[in-house]
Amino acid sequence: MIRYGKPKYFTGDEPYCPQEWTPPLSPDAPSDGPRLRALACRIQKQETGEYLEPDDWQDKLIDSKLELYPEGHEKAGEYRFKQAITSMPRRNGKSTVASILALGSVVLSIAPNIGVLASTKEQAKEIFDGVKYTFVTNEALTTRFKVTHLKGIESKRADKPAHFKIHAGNGDSLQGITFAGLIPVLVDELHITKPEAYDAAVKGASVGVRNGPVIGITTAGTDDSELLKRLYERGRKAIANPASDERFGFWHWYVEPEVELWDKEALLRANPAAHFGRIDIDEEIKEGKSNTAGDYFEFRRYRRNQFVSSNNIWLGIDQWVKCSGEGIPKDYVGPVIFAIDRTEQYGWVTMTAAVKIDEIVYTERIMRQRNPTIEWIEQTCIELHARWGAELFVANVDTLKEVIINLRDNHGLPAEYLTNQQMVSATAIVGHMISEARLVQDKKDPIYKKQLPNTVAVVAGEGIKVSTKESTGDIDAVRSMLMACYKAESMEPQFFTPLVF
């Protein structure tokens, strides 16, 4: 493998070295990494049109994962690792590492059958798009391989079969599948991967002696990420006692929980891309401080790579009080968003209004009714629209979808419901608005001080959302405020000057 250059390994002296890592069996251990990196640098173009040039930390991670047993060893020439797990903060370049490994495995393996595990459609698309770009832009590869959206990548030549396919991240669909290749299986975001799916993939990749490791790449998870916790524990034990489990590799970038939240040096060490100009830690700290939601949930998990609680109080009263004002200006005349939410069994329904003036969103609760009927809610919306000319009525798809459809289809009013993914966006965006002092609420309204301490945010995909199920009391006023402010933020700002008499 020397013809492709000498392998690179972490030594512990680099400012971007992971906090925990599996060292090579020796400093001059052979690796197949340089061969895959050489291929990627020759044919893998980025969307800018330039050929790929991996950062030094990516070189060392790839070479480490593809370490080979040396001459004289009873397994000489075989890949050392059967499983190779990497955990690091987001946006550092994990996808680049994955694309280099996937490209090399498809092109250089003999009759590969490579599987990629994805728990969501969005995740699958991200992985697939990162790999397919090279195959659809390189003439030699388009001659040999066929790329389809649903089936993945496969060889056009019967004498040189090859398959690269996305698989659903559940154990049942993977049972009995045999994977083969330099990288037989690539698993993205282990924190949301089912343990039975991962175990089935490892079993399916264990058949071929020439197979390389199952690759797992992820960010930190939550306190209920069963698989990832198990892999962390095994990785740490393997590092502490290599002879006990030398075929399990673990590379882990993170900030220790006890380190001060905004410690710049610790953040630089945990984010290797910062040393190559791809992440600005000062900007990340600034952005992190602007989003207090869930006790800085996003910053802890995605920039420090820490495990976080799956349940957190969404917003502290101290943050809410900083937004105190008079609500919507009394003399305002312009577009208004009305959001509606209810408690279980229609015990209470709350309506909240929000407007956007000069880039600031003003909000106030306009009513809360006990035990209303659907007909009463609809009639109230009709009267509000007649009086104020509502820009939009909005509610959550799981609670008041019927009302929204009736307002829109039967009464011709502007109305839409928010999906659960939009509620994730609303939770994040309104949290930012509050942190940046771009939201003004009615300080005279006591209901938020009652409901906010009950309002629990839970992990939802790659973000968080307030949860009626996990919250410890009614949160209808909080949720209607979230929806109203979220939709108001997307409005064109009204440049409003109050009338003076």
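Note that the structure is predicted; figures quoted are calculated from it, not measured. (Residues numbered from 1 in each chain as written. Predicted model: local features only at pLDDT ≥ 70, side-chain atom pairs only at ≥ 80, totals over all residues. Heavy atoms only, no water.)

Draft legend 1. Layout of the packing of helix α2 (residues 56–65) against helix α3 (residues 94–108). One can describe the packing of α2 onto α3 by two numbers: an axis separation of 10 Å at closest approach and a directional angle of 45°. In terms of their interaxial angle, α2 and α3 are classed as oblique. In the crossing of α2 with α3, the sense of the turn from one axis to the other is right-handed. Touching Trp57, Gln58, Leu61, Ile62 and Lys65 of α2 are Thr96, Val97, Ile100 and Leu101, all from α3. Here the residues of the contact of α2 with α3 are counted per class, giving six nonpolar, two polar and one charged. (Axes fitted to C-alpha atoms, helices over the stretch in contact; angles between N-to-C directions. Helix = DSSP H or I, 4+ residues; strand = E, 2+ residues; numbered from the N terminus. Parallel < 35°, antiparallel > 145°, perpendicular 65-115°, else oblique. Left-handed = near helix turned anticlockwise from the far one by under 90°. Contact = heavy atoms within 4.5 Å. Nonpolar A, V, L, I, M, F, W, Y, C, P; charged D, E, K, R; others polar.)

Draft legend 2. Spatial organisation of the state of the cysteines. Applying the stated rule across the entire model yields zero disulfides. Of the cysteine sulfurs around Cys381, a residue in no disulfide, the closest is that of Cys485, at 17 Å. (Disulfide = S-S within 2.5 Å.)

Draft legend 3. Representation of the nonpolar core. By size, the foremost hydrophobic cluster in this structure holds 44 residues, and its most contacted members are Phe10, Trp57, Leu101, Leu103, Phe135, Phe145 and Phe164. Elements with a contribution of two residues or more to this core: α1 (33–43), α2, α3, β3 (113–118), α4 (121–137) and β8 (214–218). Sort the elements by how many residues they give to this core and α3 lands first, with eight residues. Excluding anything up to four places from it in sequence, Phe135 contacts Leu103, Val106, Val107, Leu141, Thr142, Phe145, Val147 and Ile153. One finds Cys323, Met433, Leu439 and Leu482 within the second-largest nonpolar core, a separate group that totals 38 residues. (Core = buried A, V, L, I, M, F, W, Y, C linked by side-chain atoms within 4.5 Å. Buried < 20%, exposed > 50% of the residue type's maximum accessible area, 1.4 Å probe, protein only.)

Draft legend 4. Examining the pattern of salt bridges more closely. In the structure shown here, the tally under the stated rule is 33 salt bridges. Among the salt bridges present, the one from Lys444 reaches Glu326, with a minimum N-O distance of 3.3 Å. Of the two residues, Lys444 sits in the loop between β17 (439–442) and α16 (447–451) while Glu326 sits in the loop between β11 (324–325) and β12 (337–342), which places them 118 residues apart along the sequence. Overall, the relative accessible area of 54% leaves Lys444 in the exposed class. A residue is classified by how much of its surface remains accessible, and Glu326, at 45% relative accessible area, is partly exposed. The salt bridge partner of Glu489 is Arg438, with a shortest N-O separation of 3.1 Å. In this pair, Glu489 sits in helix α17 (residues 476–489) while Arg438 sits in the loop between α15 (420–435) and β17, placing the two residues 51 residues apart along the sequence. Because the salt bridges share partners, they merge into one network encompassing Lys8, Glu14, Arg37, Asp56, Asp59, Lys60 and Asp63. (Salt bridge = Lys/Arg side-chain N within 4 Å of Asp/Glu carboxyl O.)

Draft legend 5. Representation of the environment of Pro30 in the model. Secondary-structure assignment places Pro30 in the loop between β1 (20–21) and α1. Overall, Pro30 belongs to the partly exposed group, its relative accessible area being 25%. The residues contacting Pro30, other than those within four sequence positions of it, are Pro7, Tyr9, Glu67, Leu68, Tyr69 and Pro70.

Draft legend 6. Main features of empty space enclosed by the protein. Evaluation of the coordinates by the stated rule reveals one cavity of 30 Å³ or more. Looking at the largest cavity, its volume works out to about 40 Å³. Counting only elements with at least two residues in the lining of the largest cavity, the list comes to α11 (293–303) and α15. Of all the elements, α15 adds the most residues to the lining of the largest cavity, at three residues. Of the residues that constitute the lining of the largest cavity, the class distribution is four nonpolar, two polar and one charged. (1 Å grid on protein atoms, 1.4 Å probe; cavity = no way out; pocket = protein on both sides within 12 Å on 5 of 7 lines; lining within 4 Å. Points joined across faces, edges and corners; volume = space filled by probe spheres on them.)

Draft legend 7. Seen up close, the layout of surface pockets. Here the largest pocket is characterised by a volume of approximately 1400 Å³. Around the largest pocket sit 47 residues that line it, and Lys94, Ser95, Glu126, Ile127 and Asp188 are the ones nearest its centre. Top element by residues in the lining of the largest pocket is α4. It accounts for 11 residues. Looking at the lining of the largest pocket, its residues break down into 13 nonpolar, 18 polar and 16 charged.

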